[in-house]
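Fold and geometry: a report
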Amino acid sequence: MEKKKFATHHGMSDLLPGEVENWQVLENIIRETARRFHFQEIRTPVLEQTELIARGVGQLTDIVSKEMFAFDRGEDRYVLRPEGTAPVARAYVQHHLAQRGGTQRLFYIGPFFRAERPQKGRQRQFHQFGAELMGASGAAADVEIIAFMKSIYEQTGIDNTTLKINSVGDPESRSAYKKALYDYFQPLSDKLSEISRRRLETNPMRILDSKEEEDQPLKADAPKITDYLSKASREHYEEVRKLLEQMDIPYETDPFMVRGLDYYTETAFELVSPDLGSQDALGGGGRYDLLVEEIGGPPTPAVGFACGIERLMIACEALGIALSETSGPDVYIVTRGEEAARWAVKTMPGLRSQGLSCTMDYAGRSIKAQMKDANRQQARYAIIVGEQELQDNRYTLRNMSESEEVTLSLDDIKKTILT
Ligand code: AMP
């Protein structure tokens, strides 16, 4: 009977050699940029308490209402984390990070999980890098976070992004705005999509997120939040824009960008790319001044961003950007006979201790097959060893790209490769 073959779950991918190297280069860029901005890495568990996410992200959001991978074990309710901000805020409260003084400047990289319908740029396990600046209320913090995010993309060579910004105001601005939206959409509710009709009663701001066709003409004339901002929110938003201009960071304002997560206050932003199709956001973020308090911490103004790594890779591919160069081993030892194979095993540690990467044949193949393998693996050099070479203590060194061979002692071989 044929054995069952297994594959990854829908919306979850393996990262294979060849792709992983691009991710590693990106991770180095993120870590180096974080160092320059003086953000420190934080790593939180992949499983969190379901209630943290429900409270932090918001019961009525898509993430909480339909996209969580959650399960119970005994009394405990676990969820595979769908985003990074609530976990970081939880860690901030749990470990009293505020007591370390000053602002906390934290970044993270890791896997996240949402039971969404998979499509290009939308997976069930995806990866984000993100940052949180906690304990800072001024517009300079918002702009610092945006500059950090943008700087990472600039270093990858992705240069066709658009930064969109908006303000979702403080709670007073928002409740005035929600009422205005309700009053506007209510008489039109027959024409709204079913999902928007439901949102009208629960959270009318989410209607602005709708991608349903029938909602689009109705959305176009909807009231804009910028007309309902309190004085303090308006001033904060103006200061953010002024600072962005001073820093020569171009942006577009989008009064209908409200983002899907409930915890945002004041500034909201998104970085979009023309290369992503309908899922056009590379990343986004905003201010979330109420979240830390909502999950039991002290009042803590904060601002952060989160960006998708898979979408960044899609943008790189569309722009023909290769983040990493594939490289083969420095040395492939080609052996004829058992004695030569033993010599190779004994010799490789010395080469490796000098920093050279090396490999050999482990399948007892012919010299011809080994040379083919060395070529396929893009080895820089092959050392060819047979009985005669072992007797003479001199070995053939082949420069693979130039197809040139010399016969040398092992010491001279090392010198040649290392220069
Ligand atoms: P969010 O946490 O929803 O604000 O998402 C921030 C960024 O994470 C998005 O702009 C995407 O780049 C990425 N992202 C979110 N959800 C997914 C997903 N299901 N698949 C792939 N990337 C995602």
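These numbers were taken from a predicted model, which means no experiment stands behind them. Think of each chain on its own: its residues are numbered from 1, step by step along the sequence as written. Whole-chain, interface and lining totals are the exception, using all residues; otherwise, since this is a predicted model, local features are given only for residues with pLDDT of at least 70 and side-chain atom pairs are given and counted only at 80 or more. Water and hydrogen atoms play no part in the side-chain values, which are based on all heavy atoms of the structure.

Next up on the list: the overall build of the protein chain. Helical segments are the DSSP runs of H or I of at least four residues, strand segments are the runs of E of at least two, and each set is numbered from the N terminus. Each helix and strand in the protein chain was counted, giving 15 helices and 16 strands. Whereas a compact globule of 419 residues would reach a radius of gyration of roughly 22 Å, the protein chain reaches 28 Å, over 25% beyond that. C-alpha atoms of the protein chain, sized along the principal axes, occupy 95 × 60 × 45 Å. Note on exposure labels: buried denotes an accessible area under 20% of the residue type's maximum, exposed denotes more than 50%, and partly exposed covers the range between, all computed with a 1.4 Å probe on protein chains only. For the protein chain, buried positions account for 51% of its 419 residues. Relative to all contacts within the protein chain whose residues are 6 or more apart in sequence, the contacts with residues 24 or more apart total 68%. Surface exposure here means Shrake-Rupley accessible area, sampled with a 1.4 Å probe, where a residue is shielded only by the protein chains that are shown. Of the roughly 21600 Å² of accessible surface on the protein chain, a fraction of 47% belongs to carbon and sulfur atoms. In this tally, Lys and Arg are treated as positive and Asp and Glu as negative; His is ignored, and so are the chain termini. Charge positions are represented by NZ for Lys, CZ for Arg, CG for Asp and CD for Glu. Charge centroids of the protein chain, computed over 53 positive and 65 negative side chains, lie 3 Å from each other. For the radius of gyration, the atoms used are the C-alpha atoms, and the globule rule reads 2.2 Å times the number of residues raised to 0.38. Note on contacts: a residue pair qualifies if any of its non-hydrogen atoms lie within 4.5 Å across the two residues.

Its place among the elements puts Arg 365 in the loop between strand E13 (358-360) and helix H13 (367-376). What makes Arg 365 partly exposed here is its relative accessible area of 37%. When sequence neighbours within four positions are dropped, the list of residues in contact with Arg 365 reads Tyr 332, Gln 370 and Asp 373.

Time to look at the site of the ligand. Think of it this way: one heavy atom of a residue within 4 Å of a molecule or strand is enough to make that residue near it. As a structural note, the neighbourhood of the ligand is formed by 14 residues, with Arg 114, Glu 116, Gln 123, Arg 259 and Leu 282 the closest of them. Whenever two N or O atoms come within 3.5 Å, that pair is a polar contact, provided that in protein one can donate a hydrogen and the other can accept it, and provided that, for residues adjacent in sequence, both atoms are side-chain atoms. Between the ligand and Glu 116, the relevant distance is 2.5 Å, taken from a nitrogen atom to a side-chain nitrogen or oxygen of the residue. Here an oxygen atom of the ligand sits 2.9 Å away from a polar atom, N or O, in the side chain of Gln 128. Protein chains bury 92% of the 480 Å² of accessible surface belonging to the ligand in isolation. Secondary-structure elements contributing two or more residues to the shell around the ligand are strand E6 (125-134), strand E10 (281-287) and strand E11 (302-308). The element best represented in the shell around the ligand is E10, accounting for three residues. Charged residues are taken to be Asp, Glu, Lys and Arg, nonpolar residues to be Ala, Val, Leu, Ile, Met, Phe, Trp, Tyr, Cys and Pro, and polar residues to be all remaining types, Gly included. Partitioning the shell around the ligand into residue classes produces four nonpolar, five polar and five charged.

By convention, a stacked pair of Phe, Tyr or Trp rings (six-membered ring in the case of Trp) has centres within 6.5 Å and planes under 30 degrees apart, an edge-to-face pair has planes over 60 apart, and any other such pair is tilted. Per the counting criterion, the structure on display carries eleven aromatic pairs. Judged by centre distance (5.1 Å) and plane angle (20 degrees), the rings of Phe 37 and Phe 148 are stacked. Here Phe 148 lies in helix H5 (residues 139-156) and Phe 37 lies in helix H1 (residues 20-37), a separation of 111 residues in the sequence. Both residues of the pair, Phe 37 and Phe 148, belong to the buried class. The interplanar angle of 25 degrees and the centroid separation of 4.3 Å between the aromatic rings of Trp 343 and Tyr 395 together place this pair among those described as stacked. Of this pair, Trp 343 sits in helix H12 (residues 338-353) while Tyr 395 is found in strand E15 (residues 395-399), placing the two residues 52 residues apart along the sequence.

Further remarks concern the domain arrangement of the protein chain. Taken domain by domain, the protein chain holds domain 1 (20-170 + 230-319) and domain 2 (331-418). Segmentation into domains, and thus their bounds, comes from an automatic or database assignment. For domain 1 versus domain 2, the distance between C-alpha centres works out to 49 Å.

As a rule of thumb, nonpolar side chains are buried together in soluble globular proteins. Buried Ala, Val, Leu, Ile, Met, Phe, Trp, Tyr and Cys residues that are joined via side-chain atoms within 4.5 Å together make up what is termed a nonpolar core. If you look at the biggest cluster of nonpolar residues, it comprises 92 residues, and the most contacted ones within it are Phe 129 and Phe 305. Broken down by element, this core gets its largest block of residues, ten residues, from H5. Not counting residues up to four positions away in its chain, the partners in contact with Phe 305 are Tyr 108, Phe 129, Gly 130, Ala 131, Ile 145, Phe 148, Met 149, Ile 152, Phe 269, Gly 284 and Gly 285. Of all hydrophobic cores here, the second largest spans 19 residues; its members include Met 348, Leu 356, Tyr 381 and Ile 383.

A few words now on the pairing of strand E4 (residues 76-80). Between any two strands, at least two bridges found by DSSP are needed for them to pair. Across three bridges, the pairing between strand E2 (residues 47-49) and E4 is antiparallel. The residue bridging Glu 48 from the neighbouring strand is Val 79, located in E4. Relative to E4, strand E3 (residues 70-73) is paired through four bridges, and the arrangement is antiparallel. The residue of E4 that forms the bridge with Asp 72 is Arg 77. Adjacent in sequence and paired antiparallel, E3 and E4 are bridged by two residues, among which Gly 74 carries a positive phi angle near 60 degrees.

Further remarks concern the side chain of Ser 189. Secondary-structure assignment places Ser 189 in the loop between helix H6 (171-185) and helix H7 (194-202). Sequence-distant contacts of Ser 189, that is, excluding residues within four places in its chain, are made with Arg 197 and Leu 200.

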